[in-house]
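Read off the chains here:
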Amino acid sequence: MIGGIPETQAVMDYCAENEIYPQIELISANQINEAWDKVVNKEARYPYVIDGSTF
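Residues numbered from 1 in each chain as written. Predicted model: local features only at pLDDT ≥ 70, side-chain atom pairs only at ≥ 80, totals over all residues. Heavy atoms only, no water.

Participant: What exactly am I supposed to notice about the overall build of the protein here?
Facilitator: Each helix and strand in the protein was counted, giving two helices and two strands. Along the protein, helices and strands appear, N-terminal first, in the series α-β-α-β. Against the globule reference of 10 Å for 55 residues, the protein gives a C-alpha radius of gyration of 15 Å, more extended than a compact globule. Taken over 55 residues, the protein has a buried fraction of 9%. (Helix = DSSP H or I, 4+ residues; strand = E, 2+ residues; numbered from the N terminus. Rg over C-alpha atoms; globule rule 2.2 N^0.38 Å. Buried < 20%, exposed > 50% of the residue type's maximum accessible area, 1.4 Å probe, protein only.)

This is the structure we're talking about:
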């Protein structure tokens, strides 16, 4: 079972209080194809997050 909104908020608060942050790789929109190639080739180290301001 997964938690609802209150449980999710509790986890987010805990992470913020203890400075626990996700490991991601921020990419711009023009890097999407390159990132996808790395995912397909199992070369991606962290989850990719696309910077929405680059669209």
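Participant: It is not clear to me how the side chain of Ser 28 should be interpreted in this structure. Could you clarify?
Facilitator: By the element assignment, Ser 28 lies in the loop between strand 1 (25-27) and helix 2 (32-40). There is a polar contact of 2.4 Å between the side chain of Ser 28 and the side chain of Asn 30. (Polar contact = N/O pair within 3.5 Å; in protein donor to acceptor, adjacent residues only side chain to side chain.)

Participant: In this structure, what is going on with unusual backbone geometry? I would like to understand it.
Facilitator: Positive phi values are uncommon outside glycine, yet Glu 19 reaches one of about 50°. For Glu 19, the location among the structural elements is in the loop between helix 1 (5-17) and strand 1. Residue class for Glu 19 comes out exposed when judged on its relative accessible area of 61%. Notably, Lys 42 is not glycine yet its phi reads approximately 60°, a positive angle. The topology assignment puts Lys 42 in the loop between helix 2 and strand 2 (48-50).

Participant: Help me understand a nonpolar patch on the surface in this model?
Facilitator: Nonpolar side chains collect at one region of the surface, where Ile 24, Leu 26 and Val 49 lie side by side and expose about 250 Å² of accessible area between them. With respect to the helices, strands and loops of the structure, Ile 24 is situated in the loop between helix 1 and strand 1. (Patch = residues over 30% accessible without salt bridge, like charges linked within 9 Å, V, L, I, M, F, W, Y side chains within 5 Å. Areas by Shrake-Rupley, 256 points an atom, 1.4 Å probe, with all protein chains shown as cover. Salt bridge = Lys/Arg side-chain N within 4 Å of Asp/Glu carboxyl O.)

Participant: Would you mind showing me how to read the environment of Ile 2 here?
Facilitator: Within the secondary structure layout, Ile 2 lies in the segment before helix 1. As for Ile 2 and Glu 19, which are separated by 17 residues in sequence, their C-alpha atoms are 23 Å apart.

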